[in-house]
Amino acid sequence: MIAVLLTPFIFAYLLKPIGIYFSAPFFIAAIIWFFGERRWKVILIMTLFIYCVFIGLFLMILNAPLPQGNVSPFYDFSAWVLKLNAKLQGI
Amino acid sequence: MIENFLAGSAALFGDPFTIGIFVFGVVGGMLFGAIPGVSMLTLAAILLPFTASLEPAQGVMLFAVIYCTGTYGGAITAILFNIPGSAENAPTAFDGYPMTQKGQSGKAVGAAVLCSAIGGIASALVMMAATEPLANWAIRNIGPPEIFALVFFGLVVASSVGARTIWKGWMSVLIGLLIATIGQDPVGGINRYNFGMTDLAAGIAFIPAILGFFAVSEIFVQAEKKASGKYQAPKVSMTFPSFIELWMHKIAVLRSILVGFFCGILPGIGATLAAFMSYGEAVRWSKNPEEFGKGKLEGVISAETANNAATGAAMIPLLALGLPGGALTAMMVAVFQMHDLQPGPLVFMLSPDLIWIVFAAMFYANLSILIIGVLETKTILNLLKIPFQFLAPLILMLATTGAYIGRGLVLDVMVMFLAGIIGYLLRRSGFSIPAIVLGLILGKIGEQNFAQGMQMVHYDLGTYFSRPICAILIAAGVITLASNIYRAFTSIKTKA
């Protein structure tokens, strides 16, 4: 139970350096795991599904400014996601 | 009044986007009200940050609609599975579930749908008639000292509801008040409890706190239970009670509307207590009270009529005085503030359109309970099969984004998760989360009005007691407080 309480906090702490685009899938998978799901295929598929819903809603529809991170490989990942989105929307 | 209502209806149904928001609110409120583990407050908290991009009228209207249909939504699961979707439907289960066991589930669901609609519509009509005169009266008679006195009275009432004991209720309110003091004080601009962090100087924002206390702490509670959605779906049918059956309960319906309305209008009580009180009154008035709890239709009728009757009444103090009476109306204050509006009598002068769109929407939302209630009952049963482990990460991601997006601060995300953890721990030990949030929001309103009032009366506290309305409200608060404490002590004695 303590792990369940701490995970969101670690997630929030890492938002600034790592950014939400890279950390979100791990966070989603962790929460599904904590709720008792142990079949790794189910976890993988549901994580991808929820991540896609999240990206679709906030990045593609709402264009929300979200934390991108400021440490090198993670920031580059966020930049790549944003660039991909821009290309898809044809800007 | 009728022209205004028609103008509001025209504005509501004249714009396709507004209709979309209305339908979303009706369906969303009902679904979140029905799914155990989340409530309409979870939905409202998640949606709160995103109302910034809507028109003010659309934002407030969305919350009003969610309030109406969410209050009804939990009735179905309460009747069929003995799992009330939210607290305000708990008394519905007392008699609704035994009716299901006796094979009368169709009649119980039908009565719940019909009575929710009747209670809600009656309440909406009184709200339309009563709010504007009250606001006109308030603008001449209510100043900062009176608002402060109302806040005091509201906090006293809030402390006595929802927590396991009155002491825990007061602790909850005081925790809320303490959180409200974080940030600069309203007069001198002196930093309080910001621990040298500039981000905290503006205070704890409402939205992350509300998201944390309602949405995140709910997830933690469910994580502990690890509730899996294994329900045995019984056959559902819907038969409305016949007209004669309803006519036999006309006194019950009328009494429940009055009880619900009275509870709704008082600050800090709201729909949950309305439902419990109405059920209690039904038992007290009945000639054979031993039949209650064994599947009596009147139990379902009184609980469901009253909790919806409270919704319209709760809007009156919010719109006429600017004071929220419950958790959901407190979120509406946040919607107003996001658009630089202050709920209260001035809204009637400055944007009457907004008020009437909201009123019309509440009327139609209660009406649509009838229509959608018939269609949606079966859909809800299918939705209950969604396992919570997939719902939880989605809610957490939405909450994270919602908390971050308001001001673009990672600090707000941390505040939200911290509020979630605190909310979870306090809820386990019988504290009241709505009381904390009311303390937080009323605390800020109260402090500001107290400071303004003190400047108005040249720092002479005695003036507060020479203003009649102010003195009456403070006296009412003190009497309520004293009687609560007296009752708490006598109940300890009788137990011992």
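Sequence positions are assigned chain by chain, starting from 1 and proceeding in written order. Each chain gets a letter, beginning with A, and each ligand a number, beginning with 1, in the order they are written. With the structure being a predicted model, the display of local features is reserved for residues of pLDDT at least 70 and the display and counting of side-chain atom pairs for 80 or more, all residues being used for whole-chain, interface and lining totals.

This part takes up the overall build of chain A. A tally of regular secondary structure across chain A gives 4 helices and 0 strands. A run of H or I in DSSP becomes a helix once it reaches four residues, and a run of E becomes a strand once it reaches two; helices and strands are each numbered from the N terminus. Secondary structure elements of chain A, listed N to C terminal, follow the sequence α-α-α-α. Dimensions of chain A, computed from C-alpha atoms along their principal axes, come out at roughly 45 × 25 × 20 Å. Taking as baseline every contact in chain A between residues at least 6 positions apart, the subset at least 24 positions apart corresponds to 58%. Our contact criterion uses C-beta atoms placed from the backbone: two residues qualify when those atoms are within 7 Å.

Another point: the overall build of chain B. Along its length, chain B carries 21 helices and 2 strands. Only the C-alpha atoms count toward the radius of gyration. The rule for a globule is 2.2 Å times the residue count to the power 0.38. Radius of gyration (C-alpha) of chain B: 22 Å, near the 23 Å computed for a compact globule of 496 residues. Projected onto its principal axes, the C-alpha positions of chain B cover 65 × 60 × 45 Å. Exposed residues have 12 or fewer other C-beta atoms within 10 Å of their own C-beta, buried residues have 20 or more, and partly exposed residues fall in between, where C-beta atoms are placed from the backbone. Looking at chain B residue by residue over its 496 residues, the buried ones come to 57%. Once local pairs closer than 6 in sequence are excluded, the contacts in chain B between residues at least 24 apart make up 79%.

Time to look at the packing of helix α3 (residues 40-47) of chain B against helix α14 (residues 327-338) of chain B. Residues and elements named next belong to chain B. With their axes 10 Å apart at the nearest point, α3 and α14 run at an angle of 10° to one another. Classified by the angle between their axes, α3 and α14 sit roughly parallel to one another. Together, M40, L41, A44 and A45 of α3 and A327, L328 and M331 of α14 make up the contact between the two elements. Polar here means any residue other than Ala, Val, Leu, Ile, Met, Phe, Trp, Tyr, Cys and Pro, which are nonpolar, and Asp, Glu, Lys and Arg, which are charged; Gly is therefore polar. Its residues placed into classes, the contact of α3 with α14 shows 7 nonpolar, no polar and no charged. Axis geometry follows a simple rule: fit a line to the C-alpha atoms, using only the stretch in contact for helices, then measure angles between N-to-C directions, giving values from 0 to 180 degrees. Put simply, angles under 35 degrees are roughly parallel, angles over 145 are roughly antiparallel, angles from 65 to 115 are roughly perpendicular, and the rest are oblique.

Residues and elements named next belong to chain B. A score from 0 to 100, pLDDT tells how confident the predictor is in each residue. When pLDDT is averaged across chain B, the result is 82; 91% of the residues are at 70 or more. A low-confidence stretch, residues 227-234 (pLDDT under 50), is modelled with 15 contacts involving residues beyond four sequence positions or located in other chains. Predicted as a complex, the structure gets a pTM of 0.77 and an ipTM equal to 0.90.

Another aspect to go through is the interface of chain B and chain A. Each partner contributes to the interface: chain B provides 21 residues, whereas chain A provides 25 residues. Going through the elements one at a time, α9 (206-225), α17 (388-407) and α18 (410-428) of chain B are the ones with two or more residues in the side of chain B that touches chain A. Of all the elements, α17(B) adds the most residues to the side of chain B that touches chain A, at 11 residues. Classifying every residue of the side of chain B that touches chain A gives 16 nonpolar, 3 polar and 2 charged.

Residue and element names in this part refer to chain B. Taken N-terminus to C-terminus, the directions of helix α5 (residues 90-101) and helix α6 (residues 105-141) make an angle of 150°; their axes are 7 Å apart at the nearest point. Every residue of α6 that contacts α5 at T92, G96, M99 and T100 is listed here: S105, K107, A108 and A112. Its residues placed into classes, the contact of α5 with α6 shows 3 nonpolar, 4 polar and 1 charged.

Considering the arrangement of structural elements, one finds B:A223 in helix α9. Residues B:A223 and B:F388, spaced 165 residues apart in sequence, show a C-alpha to C-alpha distance of 9.1 Å. Non-local contacts of B:A223, meaning those with residues more than four positions away in its chain, are made with A:V4, A:F34 and A:F35.

What follows covers the confidence of the model for chain A. The predicted coordinates of low-pLDDT regions are not to be read in fine detail. With 98% of its residues at a pLDDT of at least 70, chain A reaches an overall mean of 84. The weakest mean pLDDT in chain A belongs to helix α4 (residues 72-88) of chain A at 83; the strongest belongs to helix α2 (residues 20-34) of chain A at 89.

Quick look at the environment of B:G106 now. Residues and elements named next belong to chain B. Within the secondary structure layout, G106 lies in helix α6. Overall, G106 belongs to the partly exposed group, with 19 C-beta atoms counted inside 10 Å. Placed 27 residues apart in sequence, G106 and I79 show a C-alpha to C-alpha distance of 9.6 Å.

The span expected for a helix works out to 1.5 Å for each residue beyond the first. Counted at 1.5 Å a residue, the expected span for α18(B) with its 19 residues is 27 Å, and the 28 Å between its end C-alpha atoms agrees. The complete set of buried residues in α18(B) reads B:D412, B:V413, B:M414, B:V415, B:M416, B:F417, B:A419, B:G420, B:I422, B:G423, B:Y424 and B:L426. Those residues of α18(B) that are buried lie in contact with α1 (2-18) of chain A together with α9, α17 and α19 (433-456) of chain B.

Before going further, it helps to examine α1(A). Given a rise of 1.5 Å per residue, 17 residues ought to cover 24 Å, and the 23 Å separating the end C-alpha atoms of α1(A) matches this to within 8%. Buried within α1(A) we find A:P8, A:F11, A:A12, A:L14, A:L15 and A:I18. Elements in contact with the buried residues of α1(A): α2 and α4 of chain A together with α17 and α18 of chain B.

Further remarks concern the nonpolar core. Residue and element names in this part refer to chain B. The biggest cluster of nonpolar side chains holds 195 residues, and the ones touching the most others in it are M331 and A361. Counting residues per element, this core draws most heavily on helix α4 (residues 56-81), which supplies 17 residues. Those residues in contact with A361 that sit more than four places away from it in its chain are L12, F22, M61, A64 and V65. A set of buried residues qualifies as a nonpolar core if it consists of Ala, Val, Leu, Ile, Met, Phe, Trp, Tyr and Cys joined through C-beta atoms within 7 Å.

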